[in-house]
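What follows is each chain in one-letter form.
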Amino acid sequence: MLGLGGGVLLVPFLNVALHFPLNVASGVSLMTVVATSSVVAHGTSGRGMVNLRLGMVLQIAAAAGGYFGGAYARRIPERALQMTFAVVTAAIAAMMLSRLERRNVILDTTSDPGRFGGRYYEDESGQEVVYRARRLPAAFGVSLVAGSISGLLGLGGAIVQVPALNAWCGIPLRAAAATSAVMIGITAAASAPLYYVRGDIVPPLAAAAVLGTFIGSRAGLSFGARARVKWLKVLMAAILLWVSGMYLFKTL
Amino acid sequence: MTSTSDESGLERVTSAVMLAAFWVAFATLAVGLALWIAVPASDAGALCLSGGLLGLLLMPLLRLASTLATAIRRRDWLLFMATLAVLAILGALTLRHAASQ
């Protein structure tokens, strides 16, 4: 529904509520991200919601950010990182709440979407809509930061990337969420085998989480297609504020 | 995302393989979990669970292959180069992680 992959909720739940070690929680979370990505790719196939060109170009920045983030993770104090992340997510939530009515879609289907824009059928408008990507360097920078966060904090960078693409770069929330969901699956699939080999992916636990994710993702996809964008933004902002509060609490 | 009407033969085959792999992986995981709950010591259950998880991990790789095929058919060299760059960076990331183990 929001293209976040679910890890932002699952990792704290497994780690804090069920007391699984963080590496096991992260390993299971990676598998659910791959599952969500597969469900979204399958569920949106042929509808034009996934913008492959924009997604792959931004994925270069995200993957590079993940590479360097992982390399420098031990050199930056964890508390400073967590505090920065808390402030950034709160700022993005505030930005989303201040732009609830802005939809980023053009109803005139003859409009040119440009090199990185796209078009898709939107249930809310009841017609095909067009969108244009703006501020591509900003989108590239945001993806680099999102990838770095993923490498530094072990969280999926979509929590930053999806709202920023929507608020700053003119990408409709549904297109940003679907594109992000497919892209984070690729990154997760690159890391998951290492967790699997280390024994951090416990097969019965991962299978149960993946099957739950399968049902939840399909329901979310169906609900997200019918829900008003305004309420999706409110939900996204609520999740951002929850994550911000969680990290702020950890740093205090 | 490509529309079904203008897919090439290779893209249709890739889409069909992905769809089959998608359902087989989830079905295998469901069977494996049921077997593991019913008979925890069963090798068949463990085998199904591992097979299902590995099948699931193949999905994004198939998607990358499909994207490369789409880029070649559309002669979209920006998409082609971006996909290759992503593959290269993720490959480097995987090798670095493997080396650090």
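Residues numbered from 1 in each chain as written. Chains lettered and ligands numbered in written order. Predicted model: local features only at pLDDT ≥ 70, side-chain atom pairs only at ≥ 80, totals over all residues.

*Asks:* I tried to follow the interface of chain A and chain B on my own but got confused; where do I start?
*Replies:* Between chain A and chain B, the residue contacts involve 42 residues of the former and 39 residues of the latter. Sorting the residues of the side of chain A that touches chain B by element identifies helix H2 (22-43), helix H3 (52-72), helix H7 (173-198) and helix H8 (203-226) of chain A as the ones contributing at least two each. If you tally residues by element for the side of chain A that touches chain B, the top one is H3(A), at ten residues. Taken together, the residues that form the side of chain A that touches chain B break down as 29 nonpolar, eleven polar and two charged. (Contact = placed C-beta atoms within 7 Å. Helix = DSSP H or I, 4+ residues; strand = E, 2+ residues; numbered from the N terminus. Nonpolar A, V, L, I, M, F, W, Y, C, P; charged D, E, K, R; others polar.)

*Asks:* Any chance you could explain the nonpolar core here in plain terms?
*Replies:* Generally speaking, nonpolar side chains in soluble globular proteins are found buried as a group. If you look at the biggest cluster of nonpolar residues, it comprises 101 residues, and the most contacted ones within it are Met31(A), Val34(A), Ala192(A), Val210(A) and Leu56(B). With 15 residues, the top contributor of residues to this core is H7(A). Sequence-distant contacts of Ala192(A), defined by excluding residues within four places in its chain, comprise Leu30(A), Met31(A), Val34(A), Ile201(A) and Leu57(B). (Core = buried A, V, L, I, M, F, W, Y, C linked by C-beta atoms within 7 Å. Buried ≥ 20, exposed ≤ 12 C-beta atoms within 10 Å, placed from the backbone.)

*Asks:* How do you make sense of the pairing of strand S2 (residues 127-131) of chain A when you look at a structure like this?
*Replies:* Where a strand is regular, its side chains alternate between the two sheet faces. Residue and element names in this part refer to chain A. As paired elements, strand S1 (residues 118-122) and S2 share five bridges and run antiparallel to each other. Across the sheet, residue Tyr121 finds its bridge partner in S2, namely Glu128. Linking S1 back to S2 in an antiparallel pair, the connection comprises four residues, with Gly126 at a positive phi of about 70°. (Pairing = 2+ DSSP bridges.)

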